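What follows is the residue order along each chain.
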Amino acid sequence: MPAKIDGMLVDFELIKRAQQGDGAAFNEVVLAYRKRILGTIARLIARPDDVEDVGQEVFLRLYFSLDQLRSPEVFEPWLYRLTVNAAYDYLRKQRRRQESRMADLSEQQVMVADAMAGSKSDQESRRRQQVRETVDQLLGSVSEEDRILLTLKEVEGLSLKELEAIYHVNENALKVRLFRARQRVLKSCGETGK
Amino acid sequence: MNESMMPSEPRSSPGNERLDTLFRAYHVACEPREVSVNFMPELWQKIEKVQSATFSFRRIARSFVTAAAALSLVLAIVSFVPLQHPHAYNVTYVEALAAQNDAVTAHSLSDSAEYVTDLIHPDTQDDAAAGEI
């Protein structure tokens, strides 16, 4: 058995030690993954102030359920699953639904996206803020399930195989769900996709 | 995990292309801030808090189980104690039957004696009763 899978940030031995209750090993696992997980959470919940709280919730759940992990090979999909669940819980609590119509967003989106490439550095943070607000508004108009699935696939760049491992759903079903989620997003901003 | 930042399938419609561009821009725009120095201490505080709550619950549950076991033991002893002195059933059936037979015989003998006395001295008891009055 290899010490770790390509792309994994820690080796299997460390995960096994953490599973056996080694606090130092658990600390190392958290330190290795926290930036990636916090980044994912930031994109899933779009509330910068609450990202660390949700991240701590993820690692708290990890600590108390690590002994249920069958094999270290599935550690990453499993950690993503915990992240997705924590994000769901957070979003359900927040229930923040933006009701505004987004028919006029398309032009704004293009302008913002085009401007991203060659902007001056002093305008960069303002534009990033605009992008965040625009996408948050778009994703806020669909369900939490659609939002999280689209974020994982389109923003985080997870492959369908990785999503299969997280959602325990086959590839075709995922494709259908992704397609429908995109359609709902497009519809919500006044686009028909035609 | 981040092997592909691009959508897996090309999408030709302008709406889809705009959406893909926007999602890519969003990925860059949402780069996480620096993790605060309190992240790990707060995480361990939360872990210890949950552990202590779980420990308290276990301790309460264990106390409850111990108290229930002790109560069951006491009730068992209380219900068992009367069986230690079963006066009425110290003898066998045959002995009890014999004893009853003896008692019946003795009673009938005393009744016969009284009857005989009454026959021999029929006024004795009446006189005694009259004297009391």
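Residues numbered from 1 in each chain as written. Chains lettered and ligands numbered in written order. Predicted model: local features only at pLDDT ≥ 70, side-chain atom pairs only at ≥ 80, totals over all residues. Heavy atoms only, no water.

## Points about the overall build of chain B
Okay, step 1: When helices and strands are counted, chain B shows four helices and zero strands.
Okay, step 2: Seen in sequence order, chain B has helices and strands lined up from the N terminus as α-α-α-α.
Okay, step 3: Taken over 133 residues, chain B has a buried fraction of 14%.
Okay, step 4: Roughly 10,500 Å² of accessible area belongs to chain B as shown, and the carbon and sulfur atoms make up 63% of that amount. (Helix = DSSP H or I, 4+ residues; strand = E, 2+ residues; numbered from the N terminus. Buried < 20%, exposed > 50% of the residue type's maximum accessible area, 1.4 Å probe, protein only. Areas by Shrake-Rupley, 256 points an atom, 1.4 Å probe, with all protein chains shown as cover.)

## A few points about the environment of Leu 43 of chain B
Okay, step 1: Of note, Leu 43 of chain B is situated in helix H2 (residues 39-80).
Okay, step 2: Those residues in contact with Leu 43 of chain B, other than ones at most four positions away along the chain, are Phe 26, Val 30, Gln 56, Phe 59 and Leu 60 of chain A. (Contact = heavy atoms within 4.5 Å.)

## Some details on helix H2 (residues 23-45) of chain A
Residue and element names in this part refer to chain A.
Okay, step 1: Under the 1.5 Å per step criterion, the end-to-end length of H2 is only 29 Å for 23 residues, more than 12% shorter than the ideal 33 Å.
Okay, step 2: Bending of H2 peaks at approximately 50 degrees at the position of Tyr 33.
Okay, step 3: The opening residue of H2, the one whose side-chain oxygen lies 3.0 Å from the backbone nitrogen of Ala 24, is Asp 22. (Expected span 1.5 Å × (residues − 1). Bend = angle between axes of the 7 residues up to and from the residue. Polar contact = N/O pair within 3.5 Å; in protein donor to acceptor, adjacent residues only side chain to side chain.)

## Here's the deal with unusual backbone geometry
Negative phi values dominate among residues other than glycine, just as trans dominates among peptide bonds.
Okay, step 1: Its identity as a non-glycine residue notwithstanding, His 168 of chain A has a phi of 55 degrees, on the positive side.
Okay, step 2: Tracing the chain through its elements places His 168 of chain A in the loop between helix H8 (160-167) and helix H9 (171-188).

## Quick word on the side chain of Glu 76 of chain A
All names here are of chain A.
Okay, step 1: Its place among the elements puts Glu 76 in helix H4 (residues 75-94).
Okay, step 2: Its relative accessible area of 7% is what places Glu 76 among the buried residues.
Okay, step 3: Within the local environment of Glu 76, its side chain forms a polar contact with the side chain of Tyr 33, the two groups lying 2.4 Å apart.

## Focus on the interface of chain B and chain A
Okay, step 1: Each partner contributes residues to the interface: chain B has 42 residues there, and chain A has 55 residues.
Okay, step 2: At the surface where chain B touches chain A, the tally comes to two salt bridges.
Okay, step 3: Counting the contacts that link chain B with chain A gives 13 residue pairs in polar contact (both at pLDDT 80 or more).
Okay, step 4: Those elements giving two or more residues to the side of chain B that touches chain A turn out to be helix H1 (14-29) and H2 of chain B.
Okay, step 5: No other element matches the 14 residues that H1 of chain B contributes to the side of chain B that touches chain A.
Okay, step 6: Classifying every residue of the side of chain B that touches chain A by side-chain character gives 21 nonpolar, eleven polar and ten charged. (Salt bridge = Lys/Arg side-chain N within 4 Å of Asp/Glu carboxyl O. Nonpolar A, V, L, I, M, F, W, Y, C, P; charged D, E, K, R; others polar.)

## What about the packing of H2 of chain A against helix H3 (residues 51-65) of chain A?
Residue and element names in this part refer to chain A.
Okay, step 1: The geometry of H2 relative to H3 is characterised by a closest axis approach of 9 Å and an angle of 135 degrees between their N-to-C directions. Relative to H3, the element H2 lies oblique. At the point where H2 passes H3, the crossing takes the right-handed sense. On the side of H2, the interface is formed by Phe 26, Val 29, Val 30, Tyr 33, Arg 34, Ile 37, Leu 38, Ile 41, Ala 42 and Ile 45, while H3 contributes Val 51, Glu 52, Val 54, Gly 55, Val 58, Phe 59, Leu 62 and Tyr 63.
Okay, step 2: A breakdown of the residues in the contact of H2 with H3 according to their chemical character gives 15 nonpolar, one polar and two charged. (Axes fitted to C-alpha atoms, helices over the stretch in contact; angles between N-to-C directions. Parallel < 35°, antiparallel > 145°, perpendicular 65-115°, else oblique. Left-handed = near helix turned anticlockwise from the far one by under 90°.)

## Quick word on the layout of surface pockets
Okay, step 1: Approximately 410 Å³ is the volume attributed to the largest pocket.
Okay, step 2: Residue lining of the largest pocket: 20 residues in total, with Ala 42, Arg 47, Pro 48 and Arg 132 of chain A together with Arg 33 of chain B positioned closest to the centre.
Okay, step 3: Broken down by secondary-structure element, the contributors of at least two residues to the lining of the largest pocket are H2, H3 and helix H6 (121-140) of chain A together with H1 of chain B.
Okay, step 4: With five residues, the top contributor of residues to the lining of the largest pocket is H6 of chain A.
Okay, step 5: For the lining of the largest pocket, the residue count by class is ten nonpolar, one polar and nine charged. (1 Å grid on protein atoms, 1.4 Å probe; cavity = no way out; pocket = protein on both sides within 12 Å on 5 of 7 lines; lining within 4 Å. Points joined across faces, edges and corners; volume = space filled by probe spheres on them.)

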